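For reference, the chains in residue letters:
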Amino acid sequence: MARRIDPERHRARRLQIIDAGLTVFAHAGYAGATTAAICREAGIGSGTFFHYFPTKDSLLLAILDEGLAETREFFAAQEGRADAVQVLLDWVRHALDDLRDPRATGFIAAVSGLSMRDDVATALRADEKATRTGLMHWLALAQGSGEVRSDLSVDRLAGWVMLIVDGFAGRVGGSADFEVTAEEVLLFEVITTFLAGPSAPPHRATQQEREEDPHA
C-alpha cells in the first residue's frame, strides 16, 4: 500500500528547498550553485532533494514559478477594492518587498545571465504577462474614475510602470550602493507623477499678443 502524502508537509518541504536554492543561487550564481550546496543549506540529503526536484534547472524554474504565483495571488487579493490608484501603488510596494530581501541582488544577477534560455525566458514572460494583465485591470478602473492620465492606453501605461519598476530592480541588482530604502521615495514620486500625466503646457503668446506687449 502506497504511503499517504501529507500535502501540507510536502508543500513545506518543497518551499524549504526552494528557499535554500534561492540563497545558494544568490550567493554562488547559477553556475556556481551545486545540488550539494543546496542540500546543505536546506539541511536535507540528496535523496530528498531529487525526490522534489530532478535537476538544478527544475529548482530554478520552481523559484520563478513561485514568483508568478505570488503575482497572481497579489492581484486576486485586491478584487473588490475601490481605490484603484492605491492598488497600483501597493503593487509597487509588493515588488519592493521582494527587492528588500538581501538575496535579491544576487538572484537577479543569476537569472539575468540565463534570460536567453527558452525555459527561463518562458517563465519570465509568464510573470510579465500576469503583471501586465493585473496592472491593466486597475489602470482601466483608475482611468474610468479620472484618477490617472487618459492620453495613453492602459497597455502603454502598464508597460511604462513595469519599465520603471524593472529599471529600479535592475539598478538594485547591478549596484551594491543602490538601496531600496534610500531610493524608494523617488521611485514613488516618478510613478505618481507619470500616472498623473503632464501638467498644462506653458502659455505661448500669440503674434497679436506679442505685438500688443513686446515683453510677452
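Read on for a plain summary of the structure. (Residues numbered from 1 in each chain as written. Predicted model: local features only at pLDDT ≥ 70, side-chain atom pairs only at ≥ 80, totals over all residues. Heavy atoms only, no water.)

1. Topic: the overall build of the protein chain
Phase 1: Within the protein chain, the secondary structure is distributed over 10 helices and zero strands.
Phase 2: Reading the protein chain from its N end, one meets helices and strands in the order α-α-α-α-α-α-α-α-α-α.
Phase 3: Taking all 216 residues of the protein chain together, the buried fraction comes to 38%.
Phase 4: In the protein chain, 67% of the contacts between residues at least 6 apart in sequence involve partners at least 24 apart.
Phase 5: Of the roughly 13000 Å² that the protein chain leaves accessible, carbon and sulfur atoms contribute 54%. (Helix = DSSP H or I, 4+ residues; strand = E, 2+ residues; numbered from the N terminus. Buried < 20%, exposed > 50% of the residue type's maximum accessible area, 1.4 Å probe, protein only. Contact = heavy atoms within 4.5 Å. Areas by Shrake-Rupley, 256 points an atom, 1.4 Å probe, with all protein chains shown as cover.)

2. A few points about the packing of helix H5 (residues 84–100) against helix H8 (residues 154–174)
Phase 1: In the contact formed by H5 and H8, the axes pass within 11 Å of each other and the chain directions differ by 15°. When the axes of H5 and H8 are compared, the pair comes out roughly parallel. In this structure, H5 meets H8 at a crossing whose hand is right-handed. Contact residues: H5 offers Trp91, Val92, Ala95, Leu96 and Leu99, while H8 offers Val161, Val165, Phe168, Ala169 and Val172.
Phase 2: Within the contact of H5 with H8, the residues separate by chemical class into 10 nonpolar, no polar and no charged. (Axes fitted to C-alpha atoms, helices over the stretch in contact; angles between N-to-C directions. Parallel < 35°, antiparallel > 145°, perpendicular 65-115°, else oblique. Left-handed = near helix turned anticlockwise from the far one by under 90°. Nonpolar A, V, L, I, M, F, W, Y, C, P; charged D, E, K, R; others polar.)

3. Points about the environment of Val180
Phase 1: With respect to the helices and strands, the residue Val180 is situated in helix H9 (residues 180–196).
Phase 2: Given a relative accessible area of 7%, Val180 falls into the buried group.
Phase 3: Taking the C-alpha atoms as reference, Val180 lies 10.0 Å from Asp101; in sequence the two are 79 residues apart.
Phase 4: Setting aside chain neighbours within four positions, we find Val180 in contact with Leu96, Leu99, Arg100, Phe168 and Val172.

4. Description of the side chain of Glu184
Phase 1: Checked against the element boundaries, Glu184 lands in helix H9.
Phase 2: Beyond its immediate sequence surroundings of up to four residues, Glu184 is in contact with Leu96, Arg100 and Phe168.

5. Considering the packing of aromatic side chains
Phase 1: This structure, assessed with the given rule, holds six aromatic pairs.
Phase 2: Ring geometry for Phe49 versus Phe53: centroids 6.1 Å apart, planes at 45°, classification tilted.
Phase 3: According to the relative accessible area criterion, Phe49 is buried, its value standing at 0%.
Phase 4: Judged by relative accessible area, Phe53 falls into the buried class, the value being 3%.
Phase 5: Lying over the aromatic face of Tyr30, Lys56 brings its terminal NZ or CZ to 4.2 Å of the ring centre. (Phe/Tyr/Trp six-rings, centres within 6.5 Å; stacked < 30°, edge-to-face > 60°. Lys NZ or Arg CZ within 6 Å of the ring centre and 35° of its normal.)

6. Section: H9
Phase 1: Given a rise of 1.5 Å per residue, 17 residues ought to cover 24 Å, and the 23 Å separating the end C-alpha atoms of H9 matches this to within 8%.
Phase 2: Turning to H9, its buried residues number three or more, namely Val180, Glu184, Leu187, Phe188, Ile191, Phe194 and Leu195.
Phase 3: In this structure, the buried residues of H9 make contact with H5, helix H7 (118–144) and H8.
Phase 4: At the C-terminal side of H9, Gly197 shows a positive phi close to 90°. (Expected span 1.5 Å × (residues − 1).)

7. Quick word on helix H6 (residues 104–112)
Phase 1: Among all positions in H6, only Ala104, Gly106, Phe107, Ala110 and Val111 are buried. Buried positions in H6, seen along its axis, are confined to an arc of 165° and lie on one side of it.
Phase 2: Of the surrounding secondary structure, the elements contacted by the buried residues of H6 are helix H1 (7–32), helix H4 (56–77), H5 and H7. (Arc of directions from axis to C-beta.)

8. Quick notes on the packing of H1 against H6
How two helices sit against one another is set out by the angle between their axes and by the gap between those axes.
Phase 1: At their nearest, the axes of H1 and H6 sit 8 Å apart, and the two run at 65° to each other. For H1 against H6, the interelement crossing comes out left-handed. Touching Leu22, Phe25, Ala26, Gly29 and Tyr30 of H1 are Gly106, Phe107 and Ala110, all from H6.
Phase 2: Tallied by class, residues from the contact of H1 with H6 come to six nonpolar, two polar and no charged.

Bear in mind that shape data such as this cannot, by itself, settle questions of function.
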